[in-house]
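# Structural features, examined
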Amino acid sequence: MNRASSTHLPARRKFIRLSGGGVIAAALPAAGCTGPAAIPDSAIAAWRGPDDSIEIRRWALSWAILAPNPHNRQPWQVSLEGGDRLTLSLDTDRLLPETDPYGRQTMIGTGAMLGLLALAAAQRGHGLEVSEFPEGAPGPVLDARPVARVRFIASAGPTQAQRELFAQVSRRHTHRGRYDPERAPGSGFLDRSEGSPGPAGLIEGVIDRRRHGARFDALDAIAREAWRLELSTPRTMLESVRLLRIGAAEIDRYRDGITITSPLLVALNALGLVDREHAPDIDSMSVRGQVADFDAAMDSTPGLYWLLSDGNGRRDQLAAGRAYLRAQLAATASGLVMQPISQALQEYPEMRALHGRVHAQVRGHAGGRPDATVQMLCRLGRPAADAGSIVPAPRRGLAAHLRA
């Protein structure tokens with residue numbers, strides 16, 4: 001789900017098609033950028049947090065917009081009402097109709113945002129009364145009706161667990177590079193026993209490469225096949241291509257999508273030579289390079305995190321987002337990193353067979369549960385020793401989310 005920094009993305013796209021035809025491979029690192037200095041400071045200013053003197057709703061929202069979300073679209077719109085309430089809805093121009101046709105992943109990202117809103121509010125002595133879908137839950141297609149109405153109420157202040165999780169908010173980033181294959185992640189970071197039911201029927205756990213070899217290998221193969229399928233399906237590929245933000249000016253202008261800072265691509269883009277309307281051929285050097293990079297990342301992965309829910313209604317998806325946020329913050333506190341590998345969980349027609357296979361494997365590991373929905377599947381481990389720093393994903397800032 002962050003596929004971007006929390007952005008729910010697979011590995012960053014590393015091809016470019018020149019206008020007029022022809023595809024070249026771009027030598028980009030796996031994170032899609034050349035280093036912290038390549039990202040405009042203004043584009044990541046939100047990660048420094050708000051001034052503690054601002055009004056509580058704005059303060060908590062300033063933290064909440066750092067939540068992981070697919071393709072880093074940050075599709076949240078907020079209306080402040082009275083002195084203690086707000087209404088959260090979705091910007092329907094920021095959905096992902098090709099890779100997330102039913103909005104399940106978008107709703108998970110919104111659940112993470114609500115979870116982070118509550119965690120932030122607790123730090124300043126406030127709880128939340130949340131009314132989900134007060135005008136009815138959306139059907140198969142997300143719409144602009146309110147996702148939640150929220151009232152801030154005075155509380156006793158944060159628990160120790162809430163303090164510890166909140167301390168990780170600005171450190172939580174998605175890591176798409178290599179992990180240390182020799183260090184098993186374990187499941188000790190989870191807030192309850194692995195596989196035990198939690199709120200809303202959610203269960204989560206870890207599949208370890210060494211302990212669960214056959215199951216891990218099966219899911220590993222599915223993830224690689226699903227990645228190839230998304231790369232070779234033009235309309236799903238193009239949904240990501242059209243969200244490329246190339247160079248400092250575009251990154252700062254949009255502060256969402258897929259960040260690209262390769263000097264070569266920045267130069268070509270400045271010359272008008274970047275074509276974002278056509279996908280490269282499946283046998284092109286650039287696509288083969290993407291497959292090789294993903295394979296290398298999977299080769300280094302020692303564990304997989306999974307999250308299941310009994311149902312797949314909109315409230316289940318919001319609950320899954322809260323649980324995923326909590327798991328990622330807890331993992332961060334334990335020195336672990338995650339990367340969603342959600343391609344096989346996507347519901348577009350070409351992915352149907354792999355969608356069934358990944359559900360069969362995770363349900364089997366969880367002890368059956370034939371009707372459960374796999375809401376998240378992530379790489380899990382510790383960064384490789386030479387991984388370098390992880391750059392946070394750009395954020396649009398609070399003002400971009402507030403409606404009059």
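For the structure given in this document, a descriptive report is provided here. By convention here, each chain's residues receive numbers from 1 onward along its written sequence. For this predicted model, a pLDDT threshold of at least 70 governs which residues receive local features, and a threshold of 80 or more governs which side-chain atom pairs are given and counted, while totals over whole chains, interfaces and linings are taken from all residues. Water and hydrogen atoms were dropped before computing side-chain values, which therefore reflect all heavy atoms in the structure.

### A closer look at the packing of aromatic side chains
In summary, the pairing rule links any two rings of Phe, Tyr or Trp, Trp by its six-membered ring, whose centres are within 6.5 Å, and it sorts them by plane angle into stacked for under 30 degrees, edge-to-face for over 60 and tilted for everything else. For the coordinates displayed, the defined rule picks out five aromatic pairs. Where Trp59 meets Trp63, the ring centres are 6.1 Å apart and the plane angle is 70°; that geometry is what we call edge-to-face. Of this pair, Trp59 and Trp63 both sit in helix α1 (residues 56–64), four residues apart, which is roughly one turn of the helix. Judged by centre distance (6.4 Å) and plane angle (40°), the ring pair of Tyr305 and Tyr324 falls under tilted. Residue Tyr305 is found in strand β11 (residues 303–309), and its partner Tyr324 is found in helix α9 (residues 314–333); the two are separated by 19 residues along the sequence. Secondary structure counts use DSSP, requiring at least four H or I residues in a row for a helix and at least two E residues in a row for a strand, with both numbered from the N terminus.

### Some words on unusual backbone geometry
The phi angle at Ala200 is positive, at roughly 60°, despite the residue not being glycine. Its location among the elements puts Ala200 in the loop between α3 (160–166) and β7 (203–208). By relative accessible area, Ala200 is classed as partly exposed at 46%. Residue Arg255 is not a glycine yet carries a positive backbone phi of 55°. Tracing the chain through its elements places Arg255 in the loop between α6 (247–254) and β9 (258–260). Think of it in three bands: with a 1.4 Å probe and only protein chains considered, a residue is buried below 20% of the maximum accessible area for its type, exposed above 50%, and partly exposed in between.

### Some thoughts on the pairing of strand β12 (residues 337–340)
The side chains of a regular strand alternate between both faces of the sheet. Residues Val337 and Gln339 of β12 are buried on one face, and the alternating residues Met338 and Pro340, pointing to the opposite face, are buried as well. We call two strands paired when DSSP finds no fewer than two bridges between them. Alignment of β12 against strand β13 (residues 373–381), held across four bridges, turns out to be antiparallel. Counterpart to Val337 in the pairing with β13 is Gly381.

### Description of the sheet that holds β12
On the basis of which strands lie adjacent, the open sheet formed by four strands has the order β7-β11-β13-β12 and antiparallel pairing. In this open sheet, the two strands that pair with only one neighbour each are β7 and β12. Taking each pair of neighbouring strands and ignoring which way they run, the sheet shows an average axis angle of 30°. Sheet analysis places β7 next to β11, joined by six bridges and oriented antiparallel. Note that in β11 the partner of Ile203 across the bridge is Leu308. Angles here are taken between N-to-C directions and fall from 0 to 180 degrees, while the axes themselves are lines fitted to C-alpha atoms, restricted in helices to the stretch in contact.

### Some remarks on the packing of helix α4 (residues 213–232) against helix α5 (residues 234–241)
Relative to each other, α4 and α5 sit at 80°, their axes nearing to 5 Å. Between α4 and α5, the angle is such that the two are roughly perpendicular. Where α4 approaches α5, its residues Glu230, Leu231 and Ser232 are matched on the opposing element by Pro234, Thr236, Met237 and Ser240. Each angle receives one of four descriptions, namely roughly parallel if under 35 degrees, roughly antiparallel if over 145, roughly perpendicular if within 65 to 115, and oblique otherwise. Contacts are residue-level and defined by heavy atoms, with any inter-residue pair within 4.5 Å sufficient.

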